[in-house]
Amino acid sequence: FAAGAIGPTNRTLSVSPSVENPAFRACTFDEIVEAYYEQTEALIEGGVDVLLVETIFDTLNAKAALFAVNKYFEKWGKKIPIFVSGTIVDNSGRTLSGQTNEAFWNSVSHAKPIAIGLNCALGAQDMVPYIENLSKCADCWVFAYPNAGLPNAMGGYDQKGPEMAKDCETFFEKNLLNAIGGCCGTTAEHIASLAELGAKYKPRQRHDVPEQMRLSGLLPFNYEPNEKDMRKSFVNLGERCNVAGSSIFKKAIVDGNYEKALAIALKQVENGAHVIDINMDDGLIDGKSAMTKFVNLLVSEPDASKVPFMIDSSKFDVVEAGLKCSQGKCIMNSISLKAGQDQFLKDAALVKAHGAAVVVMAFDEEGQAATEAEKVRICCRAFKLLVEEVGFNPQDIIFDPNILTIGTGMEEHNNYGVDFINATREIKRLCPGCKISGGVSNLAFSFRGNEPVRRGFHSAFLYHACKAGMDMGIVNAAQVEEDVYENIDKELLEYIEDVLLNRRADATERMLDFAATLDPKSGPCELRRIGQEPAAPKFEADPRQNYSKENKIAPRDPKTLPPVPKYKKWVDPLPKSDAFAVIDKIMSERVMIIDGAMGTSVQAYKLKEEDFRAERYKDHENDLKGNNDILVLTRPDVIKEIHSAYLAAGADIIETNTFNATMISQADYALDRKQDVWDINVAAAKLAKECCVEFTKKDPSKPRFAAGAIG
């Protein structure tokens, strides 16, 4: 098989090249996507069997590559297999941009690669624990192509084939791999030794993983709900980086004081936020620009970016701007059916392409859902569309059934809390796998300024909503950790729950009467009366109406509920190439062998400047020696000889010589014209494929594949 090699480029989307300006980036996500799209199109035109997105030191670059590849698949109307390979820079087990390998997997798994692996950076022995972790968390095939040991003082590699194979044996003894190859310092000799070793062992068996919502920042965040006590597993979505949730944060953004804004984010994580909610929706703020700058800045601060981000805006272009800056797997907040079904499906498909989980608001063409019935109807409709027509993983669907304000004095608002809680239970039942979220601060907006009442409402609401199945909410992380339901002043709690659970018609008036007696700066668990000591006599509000003992949020008799719908399984409309089935079969039966380093093999030829120029580039203004990718045009005989040597050594998959064949990387040689890059990729793919065909003809029982390498 010929693998189209897609390298990492010589730019990074997650790290600033300027120490003075950590929010600066040398290129944009869209520019990287364009470069990868051109390369993908040319590699497929040249006939590669698979695409290999490799040597990923920045996961955001890989997400851009996968976005471009899938964009091309949509245009082409067909799919070929994708291999994805990360690289870790040292024994910390992290990429250059700081992600652990499980966080890396969570970030790219949406692309459904046929195989995931690691290459470069380390020798085989140092790579074992990270491949072992990847093998556990990934539900696809797993591969590795390590270096020939560690480099010597001169940057060369001394480890020979048999010695490297001995180091790699641990992979097979632990049953971790389905394919193995070589990176820096490896030659046909190394691949022959690995092929001999691989033939002795059975491959790793592919396995399922628990169905969970898997997010990531620099670290993985795998949400596992505690079904017995959802409050214990509740996900705090920190609200303080939301201009609507914090006046201090808003002022910092308006003033351009991004250092202060970053400090607010750090404080949230310290206070227990599992996810940082970021919202820039305000008339005084250029949302797209502010979102881009702040997320870029946040990514540069590891103590903040270790957690996932919720990119939050009512404007889709602002949300997408945030997604284009984050290497982790984010939550996108939000989409809805408000603008109609067609727009909803279009937005959902784009969110899926970015690999994010999605919040769906309970809005449709008729407006905002207020009653339980409306919330359930809209969310069930959206779930069916997302699962059956978009192919969204149910675990990544988060419904916000609208936490609406209670205690307003308007009778039609009295049941809003009860409606949300009951709708939560029913939506979770009818939409298996989905999550429930909401903006908790909306609930007691009427009592803004009275801290014990407002915070008491939040705590009581979360207690009851989590019992019904609420998974997460946009909250003040420090306060919800501090305000434990069981510790709320019992007198205060009775007034709050009268309003929250709609237990009496005069609940709001009684709450207002009681609230007027409280110190507005005290807390719900350490309540103080105005001008009095904590041990003040109990306050008795006027009992204007009789108390209702009806439990309006009690679970209903299952016999009275409608059945859970049977959802059709989503089928990808794009047909798959024959290579999918062939590779699946081989990897389930034996270890596949990937080729070794192209650069190391090229060095052995001791080529000169004229070899890189040939007739085509004889008058080119820049030095070209070292630009190995153009050898497919100027010395195709050398590249073909190297491919053939690897195939003869036992390789099943050879990578195209295209590691730096993007417009971005070729700009270093003033060869960033589209035609030059197109010609390099097409020629490289044709050369690799030609060699694969020749060797497959010699032994049809062992098909060889060309992988388009995307670096």
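Residues numbered from 1 in each chain as written. Predicted model: local features only at pLDDT ≥ 70, side-chain atom pairs only at ≥ 80, totals over all residues. Heavy atoms only, no water.

**Some words on the overall build of the chain**
- Along the chain, the regular secondary structure elements total 25 helices and 21 strands.
- Its C-alpha atoms give the chain a radius of gyration of 29 Å, near enough to 27 Å, the size a compact globule of 711 residues would have.
- Dimensions of the chain along its principal axes, counting C-alpha atoms only, are 95 × 60 × 45 Å.
- When contacts within the chain are restricted to residue pairs at least 6 apart in sequence, those whose partners lie at least 24 apart make up 78%.
- When the accessible area of the chain is evaluated, it comes to approximately 28800 Å², of which 50% is carbon and sulfur surface.
- Charge-centre separation for the chain: the mean point of 82 positive side chains lies 3 Å from the mean point of 101 negative side chains. (Helix = DSSP H or I, 4+ residues; strand = E, 2+ residues; numbered from the N terminus. Rg over C-alpha atoms; globule rule 2.2 N^0.38 Å. Contact = heavy atoms within 4.5 Å. Areas by Shrake-Rupley, 256 points an atom, 1.4 Å probe, with all protein chains shown as cover. Lys, Arg positive; Asp, Glu negative; His and termini not counted. Charge placed at Lys NZ, Arg CZ, Asp CG, Glu CD.)

**Comments concerning the state of the cysteines**
- The tally for this structure, following the rule as stated, stands at 0 disulfides.
- The structure places no disulfide on Cys-168, whose sulfur is separated from the nearest cysteine sulfur, that of Cys-183, by 12 Å.
- Between Cys-466, a free cysteine, and Cys-434, which holds the nearest cysteine sulfur, the sulfur-to-sulfur gap is 14 Å.
- The class for Cys-466 is buried, based on a relative accessible area of 1%. (Disulfide = S-S within 2.5 Å. Buried < 20%, exposed > 50% of the residue type's maximum accessible area, 1.4 Å probe, protein only.)

**Some remarks on the environment of Asn-147**
- With respect to the element layout, Asn-147 can be found in strand E5 (residues 141-147).
- Through-space distance from the C-alpha of Asn-147 to that of Met-587 is 22 Å; in sequence the pair is 440 residues apart.
- Polar side-chain contacts of Asn-147 include one of 2.9 Å to the backbone nitrogen of Cys-184. (Polar contact = N/O pair within 3.5 Å; in protein donor to acceptor, adjacent residues only side chain to side chain.)

**Things to note about the packing of aromatic side chains**
- Inspection of the entire model under this criterion finds 15 aromatic pairs.
- Here Tyr-72 and Trp-76 contribute two aromatic rings whose centre-to-centre distance is 6.0 Å and whose plane-to-plane angle is 25 degrees, an arrangement assigned as stacked. Of this pair, Tyr-72 and Trp-76 both sit in helix H2 (residues 59-76), 4 residues apart, roughly one helical turn.
- The exposure class assigned to Tyr-72 is buried, which follows from its relative accessible area of 8%.
- Three or more aromatic residues link up through ring pairs in this structure, and these residues are Tyr-37, Tyr-72, Phe-73 and Trp-76. (Phe/Tyr/Trp six-rings, centres within 6.5 Å; stacked < 30°, edge-to-face > 60°.)

**Description of the nonpolar core**
- Judged by nonpolar contacts, the single largest core of 121 residues is most densely connected at Phe-399, Phe-457, Phe-461 and Met-511.
- Per-element tally for this core: the top contributor is helix H13 (residues 372-390), with 10 residues.
- Counting 95 residues, the second largest nonpolar core, distinct from the first, contains Ile-32, Leu-60, Val-69 and Ala-148. (Core = buried A, V, L, I, M, F, W, Y, C linked by side-chain atoms within 4.5 Å.)

**Section: the packing of helix H23 (residues 636-649) against helix H25 (residues 674-698)**
- At their nearest, the axes of H23 and H25 sit 10 Å apart, and the two run at 40 degrees to each other. One finds that H23 runs oblique with respect to H25. Where H23 crosses over H25, the handedness of that crossing is right-handed. In this structure, H23 contributes Pro-636, Ile-639, Lys-640, His-643, Ser-644, Leu-647 and Ala-648 to the contact, and H25 contributes Leu-687, Ala-688, Glu-690, Cys-691, Cys-692, Glu-694 and Phe-695.
- Class assignment of the residues belonging to the contact of H23 with H25 gives a composition of 9 nonpolar, 2 polar and 3 charged. (Axes fitted to C-alpha atoms, helices over the stretch in contact; angles between N-to-C directions. Parallel < 35°, antiparallel > 145°, perpendicular 65-115°, else oblique. Left-handed = near helix turned anticlockwise from the far one by under 90°. Nonpolar A, V, L, I, M, F, W, Y, C, P; charged D, E, K, R; others polar.)

**Focus: unusual backbone geometry**
- Cis geometry marks the peptide bond from Asn-333 to Ser-334, where omega comes out at 15 degrees.
- Counting through the fold element by element, Ser-334 comes out in strand E12 (residues 331-335).
- Even without being a glycine, Lys-112 presents a positive backbone phi close to 50 degrees.
- For Lys-112, the location among the structural elements is in the loop between helix H3 (101-108) and strand E4 (115-123).

**Some words on the pairing of strand E7 (residues 213-216)**
- Because side chains alternate across E7, one face comprises the buried residues Met-213 and Leu-215, and the other comprises Arg-214 and Ser-216, equally buried.
- Where E7 lies against strand E8 (residues 220-223), 4 bridges are found, and the strand directions are antiparallel. By the bridge assignment for E8, Arg-214 is matched with Asn-222. (Pairing = 2+ DSSP bridges.)

**Observations regarding empty space enclosed by the protein**
- Applying the stated criterion to the full structure yields 6 cavities of 30 Å³ or more.
- Volume-wise, the largest cavity comes out at about 80 Å³.
- If you list the elements that add at least two residues to the lining of the largest cavity, you get helix H15 (451-467) and helix H16 (477-482).
- It is H15 that contributes the most residues to the lining of the largest cavity, 3 residues altogether.
- Its residues placed into classes, the lining of the largest cavity shows 3 nonpolar, 5 polar and 3 charged. (1 Å grid on protein atoms, 1.4 Å probe; cavity = no way out; pocket = protein on both sides within 12 Å on 5 of 7 lines; lining within 4 Å. Points joined across faces, edges and corners; volume = space filled by probe spheres on them.)

**Here we look at the pairing of strand E3 (residues 82-86)**
- In terms of burial, E3 is largely enclosed, as 5 of its 5 residues are buried.
- Across the two faces of E3 the burial is the same, with Ile-82, Val-84 and Gly-86 and Phe-83 and Ser-85 all buried.
- Bridge analysis of strand E2 (residues 50-56) against E3 gives 4 bridges, and the strand direction is parallel. When the sheet's bridge partners are listed, Leu-51 is paired in E3 with Ile-82.
- With respect to chirality, the unit in which E3 leads through H3 into the neighbouring parallel E4 is right-handed. (Right-handed = clockwise from strand over helix to strand, strands pointing away.)

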